[in-house]
Amino acid sequence: MLVRPDIVRDFGRILFWYPFRWCVSPLSFDALCKLGTAIGSLDFRCSGRRRIARMVNNLCRGMAGCHNAMAIVLANLQNHARNNLELLKYPRLSPANIDEYVSFERREVLDDELKKGRGVMLATAHFGAKQALQVGLGHKGYKVNQIHFHMGAEELTLVQKNVSQRLRMKIEERIPVKFVPAEGFMRGAFECLQNGEMLIVAGDGIGLGSHMN
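These lines cover the structure that appears in this document, whether it is placed above or below. (Residues numbered from 1 in each chain as written. Predicted model: local features only at pLDDT ≥ 70, side-chain atom pairs only at ≥ 80, totals over all residues. Heavy atoms only, no water.)

## Observations regarding helix 2 (residues 29-46)
The periodicity of an α-helix, 3.6 residues per turn, causes residues three or four places apart in sequence to face the same way.
Line of reasoning, step 1. For helix 2, which comprises 18 residues, the first-to-last C-alpha distance of 25 Å matches the rise-based estimate of 26 Å (1.5 Å per residue) to within 8%.
Line of reasoning, step 2. Of all the positions in helix 2, only Phe29, Leu32, Gly36, Gly40, Ser41 and Phe44 are classed as buried.
Line of reasoning, step 3. Along its buried surface, helix 2 packs onto helix 1 (7-24), helix 3 (49-62) and helix 4 (69-87). (Helix = DSSP H or I, 4+ residues; strand = E, 2+ residues; numbered from the N terminus. Expected span 1.5 Å × (residues − 1). Buried < 20%, exposed > 50% of the residue type's maximum accessible area, 1.4 Å probe, protein only. Contact = heavy atoms within 4.5 Å.)

Here it is in structure tokens:
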């Protein structure tokens, strides 16, 4: 992800985190999903040709013989919007209602490994409901740890730092997971595995070239 000063985008971030967030937070997950799909479709149709062309080109470079790149770009923008909206609902989830929103397949495999008294590492990706796994497992009583990274203040615009990131971190504080900083000594990661707990890592990295060396 590259951060560039953009007054229009910053204004959009303020609208999202304040009046828009207050209006849509009471909606059901199903309603938010439909709204996110509509917003993603609008984003696709209103985006400049250069932006869509750049996304299509990136797909084609990474996927040989990609004949449906436009459809994938559309689906990606829809999914991105749904993901951002879903985050707003996480503080309303709890052990009492988590089964209504999150389900697991083959959870017995995870349970079998944890019963052996050794830690388990799970690899996720920055795709879809990327924190639903943590929320779901945490509310089901698992001890969940996650390698975590937030961009530094020098890499963010003023609005991203004081609005977007600040409010996102407040939501994350209410997620039942212990975050292990990705920078510095990784003692927390080793300790949770030694204690037979779960450690979640992003298999696709943090998305910043400057931090991938």
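Read on for the rest.
## A closer look at the packing of helix 1 against helix 4
Line of reasoning, step 1. The N-to-C vectors of helix 1 and helix 4 enclose an angle of 80 degrees; their axes lie 11 Å apart at closest approach. Between helix 1 and helix 4, the angle falls in the class roughly perpendicular. Contacts between helix 1 and helix 4 involve Phe16, Trp17, Phe20 and Val24 from the former and Asn84, Leu85 and Leu87 from the latter.
Line of reasoning, step 2. The class makeup of the residues in the contact of helix 1 with helix 4 is 6 nonpolar, 1 polar and no charged. (Axes fitted to C-alpha atoms, helices over the stretch in contact; angles between N-to-C directions. Parallel < 35°, antiparallel > 145°, perpendicular 65-115°, else oblique. Nonpolar A, V, L, I, M, F, W, Y, C, P; charged D, E, K, R; others polar.)

## A look at empty space enclosed by the protein
Line of reasoning, step 1. Evaluation of the coordinates by the stated rule reveals 1 cavity of 30 Å³ or more.
Line of reasoning, step 2. Quantified by volume, the largest cavity comes out at close to 50 Å³.
Line of reasoning, step 3. Considering the residues around the largest cavity, the lining is formed by Asn83, Leu87, Tyr90, Lys130, Gln131 and Arg168. (1 Å grid on protein atoms, 1.4 Å probe; cavity = no way out; pocket = protein on both sides within 12 Å on 5 of 7 lines; lining within 4 Å. Points joined across faces, edges and corners; volume = space filled by probe spheres on them.)

## Things to note about the nonpolar core
The nonpolar side chains of a soluble globular protein tend to be buried with one another.
Line of reasoning, step 1. Core analysis: the biggest nonpolar cluster contains 28 residues, and Trp17, Leu88, Tyr90, Leu110, Tyr142, Val144 and Met198 have the highest contact counts within it.
Line of reasoning, step 2. Of all the elements in the fold, those that place two or more residues in this core are helix 1, helix 2, helix 4, helix 5 (107-115), helix 6 (132-139), helix 7 (158-172) and strand 4 (198-202).
Line of reasoning, step 3. Of all the elements, helix 7 adds the most residues to this core, at 4 residues.
Line of reasoning, step 4. For Tyr90, the residues in contact, after removing those within four places along its chain, are Ala129, Gln131, Ala132, Val135, Ile171 and Ile175. (Core = buried A, V, L, I, M, F, W, Y, C linked by side-chain atoms within 4.5 Å.)

## What about the packing of aromatic side chains?
Line of reasoning, step 1. Enumeration according to the criterion identifies 4 aromatic pairs in this entry.
Line of reasoning, step 2. A centroid spacing of 5.6 Å and a plane angle of 70 degrees characterise the contact between Tyr18 and Trp22, whose relative ring orientation is edge-to-face. Residue Tyr18 and its partner Trp22 are located together in helix 1, separated by 4 residues, close to a single helical turn.
Line of reasoning, step 3. The class for Tyr18 is partly exposed, based on a relative accessible area of 23%.
Line of reasoning, step 4. Ring pairing ties together the aromatic residues Phe16, Trp17 and Phe20, which thus form one cluster.
Line of reasoning, step 5. The lysine or arginine in question, Arg21, covers the ring of Tyr18, its NZ or CZ lying 5.8 Å from the ring centre.
Line of reasoning, step 6. Cation over ring: Lys89 sits above Phe29, and NZ or CZ is 5.8 Å from the ring centre. (Phe/Tyr/Trp six-rings, centres within 6.5 Å; stacked < 30°, edge-to-face > 60°. Lys NZ or Arg CZ within 6 Å of the ring centre and 35° of its normal.)

## Section: the environment of Thr37
Line of reasoning, step 1. Within the fold, Thr37 resides in helix 2.
Line of reasoning, step 2. Residue class for Thr37 comes out partly exposed when judged on its relative accessible area of 25%.
Line of reasoning, step 3. Spatially, the C-alpha atoms of Thr37 and Met121 are 32 Å apart, while their sequence positions differ by 84 residues.
Line of reasoning, step 4. Contacts of Thr37, omitting those with residues within four sequence positions, involve Gln78 and Arg82.

## Remarks on the environment of Asn57
Line of reasoning, step 1. Here Asn57 lies in helix 3.
Line of reasoning, step 2. Looking at Asn57, the relative accessible area reads 41%, which means it is partly exposed.
Line of reasoning, step 3. Along the backbone, Asn57 and Leu199 are 142 residues apart, and their C-alpha atoms lie at a distance of 35 Å.

## Quick word on the layout of surface pockets
Line of reasoning, step 1. Within this model, the second largest pocket holds a volume of roughly 270 Å³.
Line of reasoning, step 2. Contributing to the lining of the second largest pocket are 16 residues, with Phe29, Cys33, Arg82, Glu86 and Ala129 lying nearest its centre.
Line of reasoning, step 3. Of all the elements in the fold, those that place two or more residues in the lining of the second largest pocket are helix 2, helix 4 and helix 6.
Line of reasoning, step 4. By residue number, the principal contributor to the lining of the second largest pocket is helix 4, which donates 5 residues.

Structural measurements only, silent on function.
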